[in-house]
Amino acid sequence: MSKHLKRLMSFCLLLILGLFVSFNIHAADVTDVDGAKYYVDKVKVENSLPYGIKQATHISYSSVAPGQGTGNAAGLGGGGLIVANQYYPQQVNILEIPSSENIKITPWATIKPFNWTLSTVKEMIWDFESKNPGYRVIAAINGDFFDISAKNPFPYTPSGVHVSGGNYYKSSASKTVGFRNDGSNDPLVGNETFQRTIKMQLDVYDENNQIVKEFEIDKINNVPANNEIAIYYATRDANHKTLPISVSDGFIVENAEYALPHSNNDFYGLGTISRKGSATLGDGQFAIVSNNQEVTNALGTGVKIRAQFEFTGDYADIEDAIGVGETILYNGVRKGSDTVRHPRTMVGVKADGTIIMTVVDGRQPNKNMYGATSYEMAAILKHYGAVEGYNLDGGGSSTMVILDNGEYKVMNSPSDGHERSDSNCLLITVKVPEIEYNVSNITTTGFTVNANVKNKNNHDFDNLYVGIGENLVKVVDGKATFTNLNVNTSYFLRFYGEKNGKYNPLAIDFRASTAKEKPTITHLSFVLDGNDLVFTLQLNDPQNSVKNRQIIIGDLVQMVTGGTATFTDFNGDLLDHLQVKLTYNLNDGQGDVDEIVTTLPMSCGVKEALFIAMNDLKFKIANIYNK
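None of the values given here were measured: they were computed from a predicted structure. (Residues numbered from 1 in each chain as written. Predicted model: local features only at pLDDT ≥ 70, side-chain atom pairs only at ≥ 80, totals over all residues. Heavy atoms only, no water.)

## A look at empty space enclosed by the protein
Next up, step 1: With the rule as written, the count across this model stands at 4 cavities of 30 Å³ or more.
Next up, step 2: As a volume, the largest cavity reaches approximately 90 Å³.
Next up, step 3: Lining the largest cavity, in full, are Ile97, Pro98, Ser99, Ser100, Ile103, Ile105, Phe179, Asn181, Asp182, Gly183, Pro187 and Ile355.
Next up, step 4: Partitioned by chemical class, the residues of the lining of the largest cavity number 7 nonpolar, 4 polar and 1 charged. (1 Å grid on protein atoms, 1.4 Å probe; cavity = no way out; pocket = protein on both sides within 12 Å on 5 of 7 lines; lining within 4 Å. Points joined across faces, edges and corners; volume = space filled by probe spheres on them. Nonpolar A, V, L, I, M, F, W, Y, C, P; charged D, E, K, R; others polar.)

## Points about the confidence of the model for the protein
Next up, step 1: Per-residue confidence for the protein averages 91 on the pLDDT scale, and 91% of its residues sit at or above 70.
Next up, step 2: Across residues 1-26 the pLDDT falls below 50, and counting only partners more than four positions away or on other chains, this stretch makes 6 contacts in the model. (pLDDT = per-residue confidence, 0-100. Contact = heavy atoms within 4.5 Å.)

## Here's the deal with the layout of surface pockets
Next up, step 1: One number sums up the size of the largest pocket: a volume of about 470 Å³.
Next up, step 2: Residue lining of the largest pocket: 22 residues in total, with Asn132, Ser164, Gly165, Asn167 and Tyr169 positioned closest to the centre.
Next up, step 3: Only β5 (103-108), β8 (167-170), β19 (266-272) and β22 (304-308) provide two or more residues apiece to the lining of the largest pocket.
Next up, step 4: Broken down by element, the lining of the largest pocket gets its largest block of residues, 3 residues, from β5.
Next up, step 5: Residue classes in the lining of the largest pocket are distributed as 9 nonpolar, 8 polar and 5 charged. (Helix = DSSP H or I, 4+ residues; strand = E, 2+ residues; numbered from the N terminus.)

## What to know about the sheet that holds strand β40 (residues 532-540)
Next up, step 1: Pairing is antiparallel across the open sheet formed by 3 strands, whose spatial order is β39-β40-β43. With partners counted over all chains shown, the strands left at the sheet margins are β39 (520-529) and β43 (564-567), one partner each. On average, each strand axis in the sheet is inclined to that of its neighbour by 15°, with strand direction left out of account.
Next up, step 2: Bridge count between β40 and β43: 4 bridges; the pairing is antiparallel. By the bridge assignment for β43, threonine 536 is matched with threonine 564. (Pairing = 2+ DSSP bridges. Axes fitted to C-alpha atoms, helices over the stretch in contact; angles between N-to-C directions.)

## Considerations on the sheet that holds strand β35 (residues 471-474)
Next up, step 1: The strand order across the open sheet built from 4 strands is β35-β34-β37-β38, with neighbouring strands paired in antiparallel fashion. The strands lining the two open edges of the sheet, one partner per strand, are β35 and β38 (502-513). This sheet shows a mean twist of 30° between the axes of neighbouring strands, independent of strand direction.
Next up, step 2: The pairing of strand β34 (residues 463-468) with strand β37 (residues 490-499) spans 5 bridges and is antiparallel.

## Regarding the pattern of salt bridges
Next up, step 1: In this structure the tally under the stated criterion is 22 salt bridges.
Next up, step 2: Residue arginine 334 is joined to aspartate 34 by a salt bridge in which the shortest nitrogen-to-oxygen separation is 2.9 Å. Residue arginine 334 is found in strand β25 (residues 333-334), and its partner aspartate 34 is found in the loop between β1 (31-33) and β2 (36-48); the two are separated by 300 residues along the sequence.
Next up, step 3: On the accessibility criterion, arginine 334 (22% relative accessible area) is partly exposed.
Next up, step 4: Close ionic contact of arginine 420 with aspartate 416 constitutes a salt bridge, the shortest N to O distance being 2.9 Å.
Next up, step 5: Judged by its relative accessible area of 35%, aspartate 416 falls in the partly exposed class.
Next up, step 6: One salt-bridge network, held together by shared partners, links Asp460, Asp462 and Lys499. (Salt bridge = Lys/Arg side-chain N within 4 Å of Asp/Glu carboxyl O. Buried < 20%, exposed > 50% of the residue type's maximum accessible area, 1.4 Å probe, protein only.)

Here is the structure:
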């Protein structure tokens, strides 16, 4: 055997050993589900969020066995044909949500009174918080598949159910995941037979917005028989055109909060009866016609009502539910069969009840983000401890948002290059204490937070604290004062509830800033340039607090720009009551402040002043030679 051949074989052997050693570094951490593999290479980001919620972004690798992957390695992103048993780099984003009565997982959408709209996850978060005072969103992911091309008679609707807080905005579906939000170790319901009530339900509210009567609706857009009630609402044709419907002797809701039709057998209505009589109903309207005396007695002008289908069977009593696609994992066993890689969004649950939400970035091979098949999705979910998992909408919709230092931040890399507008999302929300607060006594090195707990909302704490980072200050007599801070600096603050020496963040965040330094005048002079009177003004204003500068002579006012103010063709004889005025804002809570810097009554005119100055100079020059 030649020396060159021996060297080549030795090199190949070393290379093989090196690959073997490299693989075995991760072998103990590789999760294998039916031949699809997944492991984490490094942790890119870790975040400990309020209420024990955790978020992480992992740089990872995944592979598929033969027959488990088709098409491009990065799906629609290209990357060449997928190769079986080859590891591809991934970016995987994970949320872990402990099962807790204080945490509510709920779908949300920016629904208009009679149609669905598309919004980004962030926009849906803001919409939820504006309509649910006392709640704070900690994190969110995108939701169900939806009519993105607006081809259905009722465009942009999600494919499955959309139930939030007991409101069944859309109740027709097949595959559904529901959230009990009860703190149990069995908080998720999925992969079960979907059932709903045969008849739509009618709820009647009292003046305190509490349901006091419940009835079954017997007919939809059809005349009720004896002792029956019917609901009437407009539908639409295949071209989205509204199909009005006439109603006689009905309890009519003319301006409904919601009148959402999805089909001739799926409707959600909420509103106040405006009159009784006959009408032709269009968008945003519905009516109840009653041949049942008990129902007739319960209804009337000014009465708020709700009409909806509700869940029965395995999903009975579920008040928060969303439609899903494939079942990926059930009882720890893989179920999915999609062999194409896409960006993915999944929701699952661990054996201890911890909810897992996962976003796999994809279609970006240039960023080492390839996406996942359903086989890889099962391996990913199982790697993070899930025993059950479901596929939500993916592709460009895949989005994960968290509350980070008081602002909502997208943690993944959406394949569209920006947040896509979707039909709905899944929110992780908490009910926070009701605290009135403001900031006062703002100086260059500190400020005081004034806080008053109005309602603890079932939170158990003895003392209230305000924190800047690890610097926590107790609220005593409604006040917490921070000192020794930096000048003109914005700080992120958070409230904490303290019990037995443990400080729990309350997800109430805000910002406060220290004040700017006051400006000072370093130079002020004037000269007579021909017939123009020119002032020069120089300031020491390190934080740019001065908003405008003025020179005032009697009724004449000139702004100082570029350090000078010029009075052209000045013909005043006297500089009487010369004023220099600054308007500044120190960010100290006092707003804009006008400061009269100087008022100089003068007993002689400009020319006389210059004459005196000239003679003074002559005198001083003469004295040079007299020394």
